[in-house]
Amino acid sequence: MRGGQGKATVGLILGLVLLAPGLAGAHDHPQKHTHLTMTNQPRTAMTWYRDVVYDRTYKDPDRVSLDIYVPDPVRERMPVVLFVHGGGFRSSDKAYYKDLGHKPDGITRDMGAIFIPMNFRFLPDGGYPNSVQDVANALAWIHNNIAAYGGDPDKIVLMAHATGIFSAGLTVTDEQFLKKAGKSLDIVKGFIGVDGAFFDVTGGGFLRQMLPMATPEQLRAASPIFQVARGKKIPPALVLYGGQGGDVGPQAQAFAAKLVENGFKGSAVELYSKDHFSANEDIGIPGDDGTIVVTRFLQDIGVLSKKTP
């Protein structure tokens, strides 16, 4: 059911799912479905609200929906982490296990926070600027409604992986998107980017596929790093990147440096033993380097207490 009316408790109570042989790998099956084995079967009890629609104006409600993982039992005024997956604006899903990794369990159980992965419009309807606006719209919905789920609207953090960094990074640096959603940049208390060279898209690349006629000025306007300016209410940022080389590390470092130069908090951390995927998937594993860095960041910005649950 839509609108958060249907909920399922996952963790200690899991049903037996029988899949026909031909459907065992049917992640892209058009019928709405859940692979319990592809949600990492959380090690702790939680309530999972599925397919909550945050924008009633789009033709496909699934594309503009989010899932809400709430610790069970519910606590009061819990921090909230909104997650934007990658996939090049063409693939993946808020419930796909490779994007979720260990976050639903680790963020709810160990950090005591509400975890919310979101869907957004895909190409040709999505991309820039529509998928960016989707992130802003989801944040606005959360700010308006999350208290009903036990969340604290004053402790919302935005996390993104791969191309999700593009949409999330613009949302927290270019105020036009949240303004259109009826909000301002200060509703986001922190930003975490995980392994993606999408802070500067002036070189073209994937954005050229979406906007083949874009001018250099337009590409600059679509680059999060060039939206950083003094006087804005840009939240503290942590950018994690794996040790595989390429342009990911330099872009992460450049974005963090640009924030610091303009009076904001920004840091870039290399996870030497991680690649593009494990840097994201392993967040939430107790003792994992990425988990430790993320936890300390959330504590430093006051979203988590120094003594996490």
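Scoring rules and cut-offs
Residues numbered from 1 in each chain as written. Predicted model: local features only at pLDDT ≥ 70, side-chain atom pairs only at ≥ 80, totals over all residues. Heavy atoms only, no water. Axes fitted to C-alpha atoms, helices over the stretch in contact; angles between N-to-C directions. Helix = DSSP H or I, 4+ residues; strand = E, 2+ residues; numbered from the N terminus. Parallel < 35°, antiparallel > 145°, perpendicular 65-115°, else oblique. Left-handed = near helix turned anticlockwise from the far one by under 90°. Contact = heavy atoms within 4.5 Å. Nonpolar A, V, L, I, M, F, W, Y, C, P; charged D, E, K, R; others polar. Salt bridge = Lys/Arg side-chain N within 4 Å of Asp/Glu carboxyl O. Buried < 20%, exposed > 50% of the residue type's maximum accessible area, 1.4 Å probe, protein only. Expected span 1.5 Å × (residues − 1). Phe/Tyr/Trp six-rings, centres within 6.5 Å; stacked < 30°, edge-to-face > 60°. Lys NZ or Arg CZ within 6 Å of the ring centre and 35° of its normal. Polar contact = N/O pair within 3.5 Å; in protein donor to acceptor, adjacent residues only side chain to side chain. Pairing = 2+ DSSP bridges. Core = buried A, V, L, I, M, F, W, Y, C linked by side-chain atoms within 4.5 Å.

## Side note on the packing of helix α3 (residues 130–145) against helix α4 (residues 164–173)
Logical step 1: As a packed pair, α3 and α4 sit with axes 8 Å apart at the nearest point and diverge in direction by 60 degrees. When the axis of α3 is compared with that of α4, the two are oblique. In this structure, α3 crosses over α4, and the sense of that crossing is right-handed. Judged by residue contacts, S131, V132, V135, A136 and L139 of α3 engage F166, S167, A168, L170 and T171 from α4.
Logical step 2: For the contact of α3 with α4, a count of residues per class yields seven nonpolar, three polar and no charged.

## A word on the pattern of salt bridges
When the charged atoms of two side chains lie near each other, side chains of opposite charge can form a pair.
Logical step 1: According to the stated counting rule, one finds 16 salt bridges in the structure shown.
Logical step 2: D105 is paired through a salt bridge with R109; the nearest N and O atoms lie 3.1 Å apart. Of this pair, D105 and R109 are both found in helix α2 (residues 103–109), four residues apart, which corresponds to roughly one turn of the helix.
Logical step 3: Using a relative accessible area of 4% as the deciding quantity, one classes D105 as buried.
Logical step 4: According to the relative accessible area criterion, R109 is partly exposed, its value standing at 22%.
Logical step 5: Ionic pairing is found between E175 and K232, a salt bridge with its closest N-O pair at 3.2 Å. One end of the pair, E175, is in the loop between α4 and α5 (176–180); the other, K232, is in the loop between α7 (216–221) and β8 (237–242), and 57 residues separate them in sequence.
Logical step 6: The class for E175 is partly exposed, based on a relative accessible area of 38%.
Logical step 7: Three or more residues are tied together by salt bridges with common partners; here these are R50, D51, D67 and K94.

## Quick look at helix α8 (residues 248–261)
Logical step 1: End to end, α8 covers 20 Å across 14 residues, agreeing with the expected 20 Å (1.5 Å per residue, within 8%).
Logical step 2: Next to the buried residues of α8 lie α4, β7 (188–194), β8 and β9 (266–271).

## A look at the packing of aromatic side chains
Logical step 1: Per the counting criterion, the structure on display carries twelve aromatic pairs.
Logical step 2: Seen in terms of ring centroids, Y69 and F115 are 6.1 Å apart; in terms of plane orientation they differ by 40 degrees. Their pairing is tilted. With Y69 in strand β3 (residues 65–71) and F115 in strand β5 (residues 114–118), this residue pair connects regions lying 46 residues apart in the sequence. The two residues Y69 and F115 agree in class, both being buried.
Logical step 3: Seen from their ring centres, F120 and F122 are 5.8 Å apart, and the 75 degrees between their planes marks the pair as edge-to-face.
Logical step 4: By relative accessible area, F120 is classed as buried at 2%.
Logical step 5: Aromatic ring contacts, followed pair by pair, group F89, F120, F122, Y128 and F166 into a single cluster.
Logical step 6: A cation sits over an aromatic face here: K103 above F83, 4.5 Å from the ring centre.

## Focus: the side chain of N119
Logical step 1: Examined against the element boundaries, N119 turns out to sit in the loop between β5 and α3.
Logical step 2: Given the relative accessible area of 0%, N119 is considered buried.
Logical step 3: Polar side-chain contacts of N119 include one of 2.8 Å to the backbone nitrogen of K94.
Logical step 4: Those residues in contact with N119 that sit more than four places away from it in its chain are Y54, D62, R63, V64, S65, H85, D93 and K94.

## Description of the pairing of strand β6 (residues 151–161)
Logical step 1: Taking burial as the measure, the eleven residues of β6 include nine buried ones, the bulk of the element.
Logical step 2: One ladder, built from six bridges, connects strand β4 (residues 78–84) with β6; its direction is parallel. Looking at the pairing, F83 lines up with M159 of β6.
Logical step 3: Where β6 lies against β7, six bridges are found, and the strand directions are parallel. Among the inter-strand pairings, M159 is bridged to a residue of β7, identified as I192.

## Describing the nonpolar core
Logical step 1: Judged by nonpolar contacts, the single largest core of 62 residues is most densely connected at L66, I68, L158 and F166.
Logical step 2: In contact with I68, not counting residues within four places along its chain, are T47, W48, Y49, V52, I114, F115, I116, W141, I146 and Y149.
Logical step 3: Of all hydrophobic cores here, the second largest spans 24 residues; its members include M46, I192, V294 and L304.

## A look at the side chain of S131
Logical step 1: Mapped onto the elements of the fold, S131 is located in helix α3.
Logical step 2: Excluding residues within four positions of it along the chain, S131 makes contact with F89, F120, R121, G126 and S167.

Take it as geometry only, folks, not as evidence of what the structure does.
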